[in-house]
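Understanding the architecture of this molecule
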Amino acid sequence: MLPKTKSRILPTWKWRNVKTVETITNNEMSIGRTLLKPVAYSASLRVARQVRAFMGAHRRTRRLQDKLLKELVRRHASTAFGRDHGFGRIRCYEDFAAAVPVGSYETLRPYIRRVLAGENTALLPAGEPVLMFSMTSGTTAAPKYIPVTARFLADTRRGWNVFGLKALRDHPEAWLRNILQISSPMRETVSPTGMPCGAISGLLAATQKRIVKRMYVVPQRAYEISDPDVKRYVILRYGVGRDVAFITTANPSSTIRLIETGQAHTERLVRDVADGTITPPGDAPPEITGSLQFRPNRRLARQMEAGIRRDGRLMPKHFWNLAFLANWTGGTLKLYLPRLRELFGGVPVRDIGLLASEGRFSIPLTDGSPAGVAEITANFLEFIPADQADSQKPDTLRADETEAGQEYMLVTTNWAGLWRYNMDDRVRVVDKLGGSPVFEFLSRGRNTTNITGEKITEYQVVEAMRLACLRNGRPIDRFVLRGRFAQTPYYELCLEDQDACEADSLAGFIDEALGELNMEYRSKRSSGRLGPIRAAVLPAEALARTEAELIRKCHGRSEQYKHQYLATDVVVEE
């Protein structure tokens, strides 16, 4: 059922008792907000209309999706891809499904390669310029390049607007306060024609309205710092002393690492706050460290020191009063939530939805849940039943044909020139909003391993670890489970810096939990075809170093990288 539309879409202007720690005085802060209120309210009226339109769209899911598909096919009929697939003869969805097979990035790579070389009409309509290429690591060593057009950018921005205004309405104390974003630059490299290739979030930030830009506390140049420790320190230093309302990033590990960097350099950070300086623990470009004159804030420094003496370490509450955190919480990333709670206490967490370089596909509407309503206004969506994930010619369901409780692989067609593009993302539909699915991300489809027919998914492994941690009373957010083929095959649990006895106990807990979650695993274990899980203790930060090297080789980004908890390659023991 669709919720009734409430008359008030915009956040209230009544402020809750927000205690702030800023470099400016409370009077200056109050004056600044007062002056911004009329401008912000005017700008928000347009966003409020977008929210109402998005919520209303789910009352007519099939009709809206048909209209979107028709427009996409018509606009792209004269492209090389459109001619190759007979777009001129497509009149309905059935024609479209018959003409265009479900594919992957490799299906589109020849066309995207031509766009990279400047032949935009290979995949995009004539007169549709490419603003940049959103770049992400692929399943091979070669990165993926997604063309970002004005229409695609507008759709992406609209999705963020809907997400943001709904979050602010639920947390009005965040209104007109600062935002700390952890992101990557839009220009990490360039295409053969000189177009920037990088993170679309960088382009979104660079093209934001002026009133929104002034709320971001970190300058875009800071995201270009290559040393991750220096980058995190610079981002944190720009944020400390500012009235940050929420932190937004993709991977929650980025937020955790940000605070851990402050804890590793506490004395340096407190001294910088007191003196009004910025001295990163390494080399940073002078245009970054010298681009903002910080005010000395000895009062805040004393406040931080008092908090450190009280709590035994630096904590975010010593310098921020956050309204919420915005990051992924679904699938494997739920393992980071205990650590977030340890650092941030009861600060609410709102999932940012299923979004990638290829687009935004869901918009969560509440805190504490990874599930979001399908973004049907920007994508023509199809769903492959999960049990057909490996089929050469799988069945596909329309968005309104999905069922709650079922798992699917997500397929998208959108304004980035993606046609029946299998995202290889496994999702579970948990509810329906009108005719549209409300779904949560479970795992990447490829993250399934099989030695004797058990077909373990990464989601099951993460859930087993979560249950094991509840019993063990100690959260663990980084590990790898890897299959090993021996006389009796088994799985090896790789952990960092653990006591051997505790590691063995944890392996036993996970072995038991997997048996509850996967009947085939239980069958193979009870029959002796699979041996019990064995623990392997690695040095501290060993997995983190391996992960950093993988990101470097694949030209990826730590902010978007999803740690792979289940290794799909099976080690053969001699």
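Everything below is about the structure printed above this text.
A brief report on the enclosed structure follows. (Residues numbered from 1 in each chain as written. Predicted model: local features only at pLDDT ≥ 70, side-chain atom pairs only at ≥ 80, totals over all residues. Heavy atoms only, no water.)

**So, the overall build of the protein**
When you go through the protein residue by residue, the secondary structure sums to 18 helices and 23 strands. Considering only contacts in the protein between residues 6 or more positions apart, those separated by 24 or more positions represent 69%. Per element, the accessible surface of the protein, about 25300 Å² overall, is 50% carbon and sulfur. (Helix = DSSP H or I, 4+ residues; strand = E, 2+ residues; numbered from the N terminus. Contact = heavy atoms within 4.5 Å. Areas by Shrake-Rupley, 256 points an atom, 1.4 Å probe, with all protein chains shown as cover.)

**Some remarks on the packing of aromatic side chains**
Within this structure, the stated rule accounts for 15 aromatic pairs. A ring pair is formed by Phe 383 and Tyr 408, whose centres lie 5.9 Å apart and whose planes are at 75°; its orientation type is edge-to-face. Here Phe 383, found in strand 13 (residues 379–385), pairs with Tyr 408, found in strand 15 (residues 407–414); they are 25 residues apart in sequence, far enough to count as distant. Each member of the pair, Phe 383 together with Tyr 408, is buried. One aromatic cluster is present, built from ring pairs that chain together Phe 81, Phe 87, Tyr 93, Phe 96, Tyr 111, Phe 380 and Trp 419. In this structure, Arg 398 is placed above the aromatic ring of Tyr 93, and the distance from its NZ or CZ to the ring centre is 4.7 Å. (Phe/Tyr/Trp six-rings, centres within 6.5 Å; stacked < 30°, edge-to-face > 60°. Buried < 20%, exposed > 50% of the residue type's maximum accessible area, 1.4 Å probe, protein only. Lys NZ or Arg CZ within 6 Å of the ring centre and 35° of its normal.)

**Quick word on the side chain of Thr 149**
Note on placement: Thr 149 falls in strand 2 (residues 144–149). Among the polar contacts made by the side chain of Thr 149, one reaches the main-chain carbonyl oxygen of Trp 415 at a distance of 3.4 Å. Excluding residues within four positions of it along the chain, Thr 149 makes contact with Leu 124, Glu 128, Pro 129, Leu 131 and Trp 415. (Polar contact = N/O pair within 3.5 Å; in protein donor to acceptor, adjacent residues only side chain to side chain.)

**Description of the sheet that holds strand 2**
In space, the four strands of this open sheet follow the order 2-1-5-4, with mixed pairing throughout. In the strand order of this sheet, the two ends are held by strand 2 and strand 4 (189–190), each with one partner. As defined by bridge partners, strand 1 (residues 130–136) adjoins strand 5 (residues 196–198) across two bridges and the pair is classed as parallel. Each residue of the ladder has a partner; that of Phe 133, found in strand 5, is Cys 197. Packed onto the sheet, helix 5 (residues 105–116) meets strand 1 and strand 2 and runs at close to 60° relative to strand 2. Taken strand by strand, helix 6 (residues 150–170) contacts strand 1 and strand 2, and its axis lies near 90° from that of strand 2. (Pairing = 2+ DSSP bridges. Axes fitted to C-alpha atoms, helices over the stretch in contact; angles between N-to-C directions.)

**Examining the pairing of strand 20 (residues 479–485)**
Counting buried residues in strand 20 gives five out of seven residues, a clear majority hidden from the surface. Both strand 20 and strand 21 (residues 490–496) contribute to a ladder of six bridges, which runs antiparallel. The partner of Phe 479 across the bridge, within strand 21, is Leu 495. Once strand 20 ends, the chain turns through four residues before running back antiparallel as strand 21. Note that strand 20 and strand 23 (residues 566–572) share four bridges and pair parallel.

**Digging into the side chain of Asn 422**
Secondary-structure assignment places Asn 422 in strand 16 (residues 418–433). A distance of 2.9 Å separates the side chain of Asn 422 from the backbone nitrogen of Asp 424, its partner in a polar contact. Once residues within four sequence positions are removed from consideration, Asn 422 is found in contact with Val 102, Gly 103, Ile 384, Met 409, Leu 410 and Val 411.

**Some remarks on the pairing of strand 17 (residues 436–444)**
Burial of strand 17 is extensive: nine of the nine residues sit out of reach of the surface. The pairing of strand 12 (residues 372–374) with strand 17 spans two bridges and is antiparallel. Paired with Gly 372 across the two strands is Phe 439, which belongs to strand 17. Of the strand pairs in this sheet, strand 16 and strand 17 are connected by eight bridges, and their pairing is antiparallel. Looking at the pairing, Val 427 lines up with Phe 441 of strand 17. Where strand 16 folds back on strand 17, the antiparallel hairpin that results is connected by two residues, among which Gly 434 adopts a positive phi of roughly 60°.

**Structural notes on the packing of helix 10 (residues 252–264) against helix 14 (residues 337–344)**
Where helix 10 meets helix 14, the axes come as close as 10 Å, and the angle between the chain directions of the two elements is 40°. When the axis of helix 10 is compared with that of helix 14, the two are oblique. Here helix 10 runs over helix 14; the crossing is left-handed. Counting all contacts with helix 10, which are made through Pro 252, Thr 255, Ile 256, Ile 259, Glu 260 and Gln 263, the residues of helix 14 involved are Arg 339, Leu 340, Leu 343 and Phe 344. Taken together, the residues of the contact of helix 10 with helix 14 break down into six nonpolar, two polar and two charged. (Parallel < 35°, antiparallel > 145°, perpendicular 65-115°, else oblique. Left-handed = near helix turned anticlockwise from the far one by under 90°. Nonpolar A, V, L, I, M, F, W, Y, C, P; charged D, E, K, R; others polar.)

**Some points on helix 10**
For helix 10, with 13 residues, the first-to-last C-alpha span of 18 Å sits near the 18 Å given by 1.5 Å per residue. Restricting attention to buried positions, one finds in helix 10 the residues Pro 252, Ser 253, Ser 254, Thr 255, Ile 256, Leu 258, Ile 259, Thr 261 and Gly 262. (Expected span 1.5 Å × (residues − 1).)

**What to know about a positive patch on the surface**
A contiguous patch of positive charge, built from Arg 46, Arg 49, Arg 52 and Lys 209, is present on the exposed surface. For Arg 49, the position within the fold is in helix 1 (residues 26–57). (Patch = residues over 30% accessible without salt bridge, like charges linked within 9 Å, V, L, I, M, F, W, Y side chains within 5 Å. Salt bridge = Lys/Arg side-chain N within 4 Å of Asp/Glu carboxyl O. Lys, Arg positive; Asp, Glu negative; His and termini not counted. Charge placed at Lys NZ, Arg CZ, Asp CG, Glu CD.)

**Thoughts on the sheet that holds strand 22 (residues 534–538)**
Strand order across the open sheet formed by four strands is 22-21-20-23, with mixed pairing between neighbours. Every interior strand has two partners, whereas the edge strands, strand 22 and strand 23, have only one. Taking the axes of each pair of neighbouring strands and ignoring which way they run, one obtains an average angle of 30° across the sheet. Sheet topology places strand 21 next to strand 22; five bridges connect them, and they run parallel. For Leu 495, the partnering residue across the bridge sits in strand 22 and is Val 537. Of the strands in this sheet, strand 20, strand 21 and strand 23 touch helix 15 (residues 458–472), which is tilted by about 120° from strand 20.

**Quick notes on the pattern of salt bridges**
Going through the model one piece at a time under the given rule, you end up with 32 salt bridges. One salt bridge in this structure joins Arg 484 and Glu 573, with 2.7 Å as the shortest N-O distance. Of the two residues, Arg 484 is situated in strand 20 and Glu 573 in the segment after strand 23; the sequence distance between them amounts to 89 residues. Taken together, the shared-partner salt bridges in this structure form one network comprising Lys 166, Asp 170, Arg 350 and Asp 367.

**A few points about the packing of helix 11 (residues 266–275) against helix 13 (residues 298–311)**
Packed helix pairs are characterised by how far apart their axes lie and by the angle those axes make with each other. At a closest axis distance of 7 Å, the pairing of helix 11 and helix 13 adopts a crossing angle of 155°. Of the possible angle classes, the one that applies to helix 11 and helix 13 is roughly antiparallel. In terms of crossing hand, the pair formed by helix 11 and helix 13 is left-handed. Where helix 11 abuts helix 13, its residues Thr 266, Leu 269, Val 270, Val 273, Ala 274 and Asp 275 lie against Arg 298, Leu 300, Ala 301, Met 304, Glu 305 and Ile 308. Split by residue class, the contact of helix 11 with helix 13 holds eight nonpolar, one polar and three charged.

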